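Fold and contact review
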Amino acid sequence: MARNKHPEETVQLILDVAFRLFMEKGYEHTSIQDILDHLGGLSKGAIYHHFKSKEDILVAVIDRMTAESNGMLADICNRTDLNGKEKLKTIFKESISRPVQNKIFTVAPDFHNNPKLLFGLLYDTMEEAAPNYIFPIIRQGIADGSIETDYPKQLAELILLVANVWMNPMIFDSTEEECLYKFMVFDQMLRGFGLDIVDEELLERLQELTAIYRKSK
């Protein structure tokens, strides 16, 4: 029974269940009781022992989702065998190739009914990933000659906003064709900064994820 687990395992169980329900039903349409019903006998008091509210659970879910992604960004950012442009290309490939992406696109979170999840995505993009990982890489690229821009901070924000938000079919309910056109514009934009980092493999993976999302609707 869940009540016999160690506290750390109980927290992870709550987050696992909450993540799935938030993705399937939306944050606003998921209640504490819904989460409780899927916890195998865990009491409501036990939930509130770890989390003060449903919003606290959401914050923890978002933190766990972004921690893995940011860990991957940090690993690539710290590599010494790649120049700035090569690091950006590696980040895009690693980001969309992670198996968890298939799960996320399969359950297809409805961002229209999940404003808190959307805000969490935007906040992490602008306040964590862009300044802490992409910006240093772009500065390195300027120094080693692989990236051309006079505005590294703004370019870092632009790249991630386009990749994480504008090109995300789960936010704008884009068709496969619409995603393809956005991807081509993204490629053209990056090439204007000397970043010829979009290739056929990236394109195929993006189309695969979009198809997974469209099939789940």
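About the criteria used
- Residues numbered from 1 in each chain as written.
- Predicted model: local features only at pLDDT ≥ 70, side-chain atom pairs only at ≥ 80, totals over all residues.
- Heavy atoms only, no water.
- Helix = DSSP H or I, 4+ residues; strand = E, 2+ residues; numbered from the N terminus.
- Buried < 20%, exposed > 50% of the residue type's maximum accessible area, 1.4 Å probe, protein only.
- Phe/Tyr/Trp six-rings, centres within 6.5 Å; stacked < 30°, edge-to-face > 60°.
- Lys, Arg positive; Asp, Glu negative; His and termini not counted.
- Salt bridge = Lys/Arg side-chain N within 4 Å of Asp/Glu carboxyl O.
- Core = buried A, V, L, I, M, F, W, Y, C linked by side-chain atoms within 4.5 Å.
- Contact = heavy atoms within 4.5 Å.
- Axes fitted to C-alpha atoms, helices over the stretch in contact; angles between N-to-C directions.
- Parallel < 35°, antiparallel > 145°, perpendicular 65-115°, else oblique.
- Nonpolar A, V, L, I, M, F, W, Y, C, P; charged D, E, K, R; others polar.

Attention now moves to the overall build of the chain. In terms of helices and strands, the chain carries 11 helices and 0 strands. Going from the N terminus to the C terminus, the chain shows its helices and strands as α-α-α-α-α-α-α-α-α-α-α. With respect to the principal axes defined by its C-alpha atoms, the chain has extents near 60 × 35 × 25 Å. When the 217 residues of the chain are sorted by exposure, 45% land in the buried category.

Evaluated as defined, the whole model comprises 2 aromatic pairs. Between Phe92 and Phe186, the aromatic rings sit 5.6 Å apart at their centres with planes inclined by 80°, giving edge-to-face as the arrangement. Taken together, the positions of Phe92 in helix α5 (residues 84–97) and Phe186 in helix α10 (residues 176–191) put the pair 94 residues apart, joining distant regions of the chain. According to the relative accessible area criterion, Phe92 is buried, its value standing at 13%. Taking relative accessible area as the criterion, Phe186 reaches 3% and is therefore assigned buried. Here Phe119 and Tyr123 contribute two aromatic rings whose centre-to-centre distance is 6.1 Å and whose plane-to-plane angle is 35°, an arrangement assigned as tilted. Taken together, the positions of Phe119 and Tyr123, both in helix α7 (residues 115–144) and 4 residues apart, correspond to about one turn of that helix. Classification of Tyr123 by relative accessible area gives partly exposed; the value is 43%.

By the secondary structure assignment, Asp124 is in helix α7. Arg98 is the oppositely charged side chain nearest to the buried, salt-bridge-free Asp124, at an N-O distance of 9.0 Å.

The next subject is the nonpolar core. Looking at soluble globular proteins, one finds that nonpolar side chains tend to be buried together. Counting residues in hydrophobic clusters, the biggest one holds 62 residues, and the most contacted among them are Ile57, Leu88 and Ile159. Looking at this core element by element, the count peaks at 10 residues for helix α4 (residues 54–77). Once you skip the residues sitting within four places of it in the chain, Ile159 turns out to touch Leu88, Phe92, Ile138, Phe186, Leu190 and Leu195.

The next point concerns the environment of Ile197. One can find Ile197 in the loop between α10 and α11 (200–216). Accessibility expressed as a relative area gives 1% for Ile197, which makes it buried.

One way to put it is that helix α8 (residues 152–166) packs onto α10 with a least axis distance of 11 Å and a crossing angle of 175°. By the angle between their directions, the pair α8 and α10 is classed as roughly antiparallel. Touching Leu158, Ile159, Val162, Ala163 and Trp166 of α8 are Lys182, Val185, Phe186, Met189 and Leu190, all from α10. Taken together, the residues of the contact of α8 with α10 break down into 9 nonpolar, no polar and 1 charged.

What follows is about the environment of Leu190. Along the chain, Leu190 falls in helix α10. Once the C-alpha coordinates of Leu190 and Thr66 are considered, the two residues, 124 residues apart in sequence, prove to be 24 Å apart.

Now for the pattern of salt bridges. Enumeration according to the criterion identifies 12 salt bridges in this entry. Salt-bridge contacts for Asp34 lead to Lys25; the nearest nitrogen and oxygen are separated by 3.0 Å. The buried category is assigned to Asp34, whose relative accessible area is 18%. Using a relative accessible area of 37% as the deciding quantity, one classes Lys25 as partly exposed. Its salt-bridge partner being Glu208, residue Arg205 comes within 3.2 Å of it at the nearest N-O pair. Of this pair, Arg205 and Glu208 both sit in helix α11, 3 residues apart, roughly one helical turn. One salt-bridge network, held together by shared partners, links Lys89, Lys93, Asp199 and Glu201.

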